[in-house]
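Chain residues, written in single-letter form:
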Amino acid sequence: MRRSNDGDEKAYALPADPADAEEFDATAEALDRGQRARLIRTTRTALGLSQTEFTGRFRVPVGTLRDWEQARVSPPDFAVAYVKVIGQYPEMVAKAVA
């Protein structure tokens, strides 16, 4: 546990490298949010879709997708599950939500 810049005690999953002035501590929550962002972005890019194409095809608001991909907001578990199903069965999901 260390005291963060905002004065709260936090457990860091990945502490900053003291030799790197631009490095920062990462909490477990931040790492999870980043992994979820990567899953969503790589699923979309593996399908060869832009953000606009993906959101239109699978009925996800474009602002929501951007927030998820940029790890501004952590997508809820159901959204992660939905993206995993899209990755496995994109045509079936697109047809189901059309």
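All of the points below concern the structure found in this document. (Residues numbered from 1 in each chain as written. Predicted model: local features only at pLDDT ≥ 70, side-chain atom pairs only at ≥ 80, totals over all residues. Heavy atoms only, no water.)

### Let's talk about the overall build of the protein
Phase 1: For the protein, the helix and strand inventory stands at five helices and four strands.
Phase 2: Along the chain direction, N to C, the helices and strands of the protein fall in the order β-β-β-β-α-α-α-α-α.
Phase 3: Within the protein, the fraction of its 98 residues that count as buried is 24%.
Phase 4: Long-range pairs, those at least 24 residues apart, make up 42% of the contacts in the protein with a sequence separation of at least 6.
Phase 5: Within the structure as shown, the protein displays about 6,700 Å² of accessible surface, and the carbon and sulfur contribution to it stands at 53%. (Helix = DSSP H or I, 4+ residues; strand = E, 2+ residues; numbered from the N terminus. Buried < 20%, exposed > 50% of the residue type's maximum accessible area, 1.4 Å probe, protein only. Contact = heavy atoms within 4.5 Å. Areas by Shrake-Rupley, 256 points an atom, 1.4 Å probe, with all protein chains shown as cover.)

### Description of a nonpolar patch on the surface
Phase 1: Among the surface-exposed residues, V85, Y89 and M92 lie close enough to one another that they form a single nonpolar patch of about 320 Å² accessible area.
Phase 2: Mapped onto the secondary structure, M92 falls in helix α5 (residues 90-97). (Patch = residues over 30% accessible without salt bridge, like charges linked within 9 Å, V, L, I, M, F, W, Y side chains within 5 Å. Salt bridge = Lys/Arg side-chain N within 4 Å of Asp/Glu carboxyl O.)

### Regarding helix α2 (residues 51-58)
An α-helix turns once every 3.6 residues. As a result, residues three or four positions apart point the same way.
Phase 1: Turning to α2, its buried residues are Q51, F54, T55 and F58. Buried positions in α2, seen along its axis, are confined to an arc of 95 degrees and lie on one side of it.
Phase 2: At its buried positions, α2 is contacted by α1 (28-46), α3 (62-69), α4 (77-88) and α5.
Phase 3: At the C-terminal side of α2, R59 shows a positive phi close to 60 degrees. (Arc of directions from axis to C-beta.)

### Considerations on α1
Phase 1: In this model, α1 (19 residues) spans 27 Å end to end at C-alpha, consistent with the 27 Å of a helix rising 1.5 Å per residue.
Phase 2: Turning to α1, the residues buried within the fold contact α2, α3 and α4.
Phase 3: Just downstream of α1, G48 is the residue with a positive phi angle, here 70 degrees. (Expected span 1.5 Å × (residues − 1).)

### A look at unusual backbone geometry
Glycine aside, residues mostly have negative phi angles, and peptide bonds mostly take the trans form.
Phase 1: One non-glycine residue, R59, adopts positive backbone phi at about 60 degrees.
Phase 2: Examined against the element boundaries, R59 turns out to sit in the loop between α2 and α3.
Phase 3: The class of R59 is exposed, set by a relative accessible area of 54%.
Phase 4: In this structure, A71 takes a positive phi of about 60 degrees despite not being glycine.
Phase 5: With respect to the helices and strands, A71 occurs in the loop between α3 and α4.

### Some points on the pattern of salt bridges
Two side chains that carry opposite charge are able to pair once their charged atoms sit near each other.
Phase 1: Applying the stated criterion to the full structure yields six salt bridges.
Phase 2: Two residues, D77 and R36, come together in a salt bridge whose shortest N-O distance is 2.5 Å. Of the two residues, D77 is situated in helix α4 and R36 in helix α1; the sequence distance between them amounts to 41 residues.
Phase 3: A relative accessible area of 16% places R36 in the buried class.
Phase 4: The salt bridge partner of E91 is R57, with a shortest N-O separation of 2.5 Å. With a gap of 34 residues between them, E91 in helix α5 and R57 in helix α2 connect regions that are remote in the sequence.
Phase 5: For E91, a relative accessible area of 55% gives the class exposed.
Phase 6: One network of salt bridges, with partners in common, ties together D32, R36 and D77.

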